[in-house]
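# Residue-level structure breakdown
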Amino acid sequence: MKLNWGMIGGGEGSQIGPAHRLGAQADGNFTLAAGALDVDAARGKAYAQRLGVAADRAYGNWQEMLDGERSRDDKVDLVTVATPNSTHFEITKAFLEAGFHVLCEKPMTMTVEEGEEILKVARKTGKICAVNYCYSAYPMVREMREMVRKGEIGKVRLVVTNFSHGHHGDAAQADNPRVRWRYDPAMAGVSGQFADCGIHALHMASFITGDQVRELSADFASTIPSRVLEDDAMVNFRMEGGTVGRLWSSSVAIGRQHGFDIQVFGETGGLRWASEQPNQVYYTPLNGRTQIMEKGEAGLSDEAGRLSRVAIAHPEGFPLAVANIYLDLAAVIRGESRDGLPGAEDGLRSMAAVHACVESAKGRGTWVDARPPMLR
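### Digging into the side chain of Glu146
Relative to the assigned elements, Glu146 resides in helix H6 (residues 139-149). Those residues in contact with Glu146, other than ones at most four positions away along the chain, are Ser301 and Glu303.

Structure (structure tokens):
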């Protein structure tokens, strides 16, 4: 039986909305049953109905949706929050407290205190609060994680990762509303590029290694003078298990398109994955030749196989990575166990790292504890 799904934000013209709609419905687990899709109530209602949502469940805002859904026998089983950063906390907390499972876009909150509150509410209610770190759901990322877990590259010494692009590098476009909000503290919070993209890279480092960031040192730059928040960030970090990390995140690296990749170097081997070639992992054993591992080939882990959807040599892209998050969400909602679903603790750790980076950058790279107080 399909689960009912509702969406807040992600309306017509949204960058992330289509990926969620494709992902949620890719496996037949969810039906888009309700939505408050746009800050313009009339436009949001009209678009939801064009997507097949019944008129009485096409809401003008999230408060209407909460009031309308909580009293229904067929209320939504999962709510996706895909609104601007500054609204994530209020909406996510309200729906969790009302008994709904939530998938929140990143960053989960604007402050560490808000993140700790969300984690407490999720624990108290027993409801799922997932965070859309969808890159961790690519099959070959899961393969890397399994290889590290099995000790196939030995103890991890070093992680080098970056998420850098050049799509905000045109100073003439700095006031474009779709760009400007990312560097506006009122909308984005205390960080621009690092909170937007860098936390994906930092989460991936922890996800693959199975370790958490303990402390970090950051350098931020606003290369376009009109921007209050940074558009380029360099972060050094050290993990609780002793692993050293290096991270670069930029939105002004003209010539780079997506630019998310990660390298993990252990005592007996190294691994590399890039989002622009997501079907492949490069594996180099100590004193051996580099091997290219392909999604769908024989001998991969059960996790990589479970999340592979098409035959070998056929590309699987971003919407299907999002679909893998929804695939695991559906399983957990139905009472099954799934390993690797990013949750509220991941969202909290990311926000603590964001604020630690801001503090460090203001202190000209001083080392700062990156852990949220409640998890130290």
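That shown, we press on.
### A short note on helix H2 (residues 41-50)
For H2, the full list of buried residues reads Gly44, Tyr47 and Ala48. What you see down the axis of H2 is that its buried residues fit within an arc of 100°, all on one side. Summarising the geometry of H2, the exposed residues directed more than 90 degrees from the buried face are Ala42 and Arg50. For H2, the N-terminal cap is Asp40; the gap from its side-chain oxygen to the backbone nitrogen of Ala42 is 3.2 Å. The positive-phi residue at the C-terminal boundary of H2 is Gly52, with phi of around 105°.

### Concerning the nonpolar core
Of all hydrophobic cores here, the largest spans 108 residues; its most connected members are Phe95, Phe194 and Trp273. In terms of residue count, helix H9 (residues 193-209) provides more of this core than any other element does, 10 residues in total.

### Overview of the layout of surface pockets
Of the pockets and cavities examined, the second largest pocket occupies roughly 150 Å³. Those elements that place two or more of their residues in the lining of the second largest pocket are helix H5 (112-125), strand E5 (129-131) and helix H12 (344-362). When residues of the lining of the second largest pocket are assigned to their parent elements, the largest contribution, three residues, is made by H5. The class makeup of the residues in the lining of the second largest pocket is eight nonpolar, two polar and three charged.

### Remarks on the packing of aromatic side chains
Tallied over the full model, the rule gives 12 aromatic pairs. On the basis of an interplanar angle of 50° and a centroid distance of 6.4 Å, the ring pair of Trp62 and Phe95 is categorised as tilted. In this pair, Trp62 is assigned in helix H3 (residues 62-70) and Phe95 in helix H4 (residues 88-97), connecting sequence segments 33 residues apart. Taken as a pair, Trp62 and Phe95 share a single burial class, namely buried. Seen from their ring centres, Phe95 and Phe100 are 5.4 Å apart, and the 65° between their planes marks the pair as edge-to-face.

### Quick word on empty space enclosed by the protein
One pass over the structure, following the stated rule, counts three cavities of 30 Å³ or more. Taken as a whole, the largest cavity spans an internal volume of roughly 140 Å³. Taken together, Leu202, His203, Ser206, Gln212, Val213, Asp346, Arg349, Ser350, Ala353, Ala370, Arg371 and Pro372 form the lining of the largest cavity. Taken together, the elements giving at least two residues each to the lining of the largest cavity come down to H9 and H12. Per element, the largest residue contribution to the lining of the largest cavity is four residues, and it comes from H12.

### A closer look at helix H11 (residues 318-333)
An α-helical segment advances 3.6 residues per turn. Residues three or four places apart therefore align on the same side. Here H11 spans 23 Å end to end across 16 residues, near enough to the 22 Å set by a 1.5 Å rise per residue. For H11, the set of buried residues is Ala321, Val322, Ala323, Asn324, Ile325, Tyr326, Asp328, Leu329, Ala330, Ala331 and Ile333. The positive-phi residue at the C-terminal boundary of H11 is Gly335, with phi of around 100°.

### Concerning the pattern of salt bridges
For the structure shown, the criterion picks out 27 salt bridges. Ionic pairing is found between Asp74 and Arg72, a salt bridge with its closest N-O pair at 2.8 Å. Exposure remark for Asp74: the relative accessible area of 33% places this residue in the partly exposed category. You can call Arg72 partly exposed: its relative accessible area is 25%. One network of salt bridges, in which partners are shared, links Arg142, Glu303, Arg306, Asp328, Glu336 and Arg338.

### Digging into the packing of H3 against H4
The geometry of H3 relative to H4 is characterised by a closest axis approach of 11 Å and an angle of 5° between their N-to-C directions. Regarding the angle of H3 to H4, the classification is roughly parallel. Side by side, H3 and H4 meet where Trp62, Met65 and Leu66 of the first sit next to Glu90, Ile91, Ala94 and Phe95 of the second. A per-class count over the contact of H3 with H4 returns six nonpolar, no polar and one charged.

### Notes on the pairing of strand E6 (residues 156-164)
In the sheet, E6 pairs with strand E10 (residues 260-266) via seven bridges, with the strands oriented antiparallel. Note that in E10 the partner of Val160 across the bridge is Gln263. In this sheet, strand E9 (residues 244-250) lies alongside E6 in parallel orientation, the contact comprising seven bridges. Across the sheet, Val160 pairs through a bridge with Arg246, a residue of E9.

The rules behind the values
Residues numbered from 1 in each chain as written. Predicted model: local features only at pLDDT ≥ 70, side-chain atom pairs only at ≥ 80, totals over all residues. Heavy atoms only, no water. Helix = DSSP H or I, 4+ residues; strand = E, 2+ residues; numbered from the N terminus. Contact = heavy atoms within 4.5 Å. Buried < 20%, exposed > 50% of the residue type's maximum accessible area, 1.4 Å probe, protein only. Arc of directions from axis to C-beta. Polar contact = N/O pair within 3.5 Å; in protein donor to acceptor, adjacent residues only side chain to side chain. Core = buried A, V, L, I, M, F, W, Y, C linked by side-chain atoms within 4.5 Å. 1 Å grid on protein atoms, 1.4 Å probe; cavity = no way out; pocket = protein on both sides within 12 Å on 5 of 7 lines; lining within 4 Å. Points joined across faces, edges and corners; volume = space filled by probe spheres on them. Nonpolar A, V, L, I, M, F, W, Y, C, P; charged D, E, K, R; others polar. Phe/Tyr/Trp six-rings, centres within 6.5 Å; stacked < 30°, edge-to-face > 60°. Expected span 1.5 Å × (residues − 1). Salt bridge = Lys/Arg side-chain N within 4 Å of Asp/Glu carboxyl O. Axes fitted to C-alpha atoms, helices over the stretch in contact; angles between N-to-C directions. Parallel < 35°, antiparallel > 145°, perpendicular 65-115°, else oblique. Pairing = 2+ DSSP bridges.

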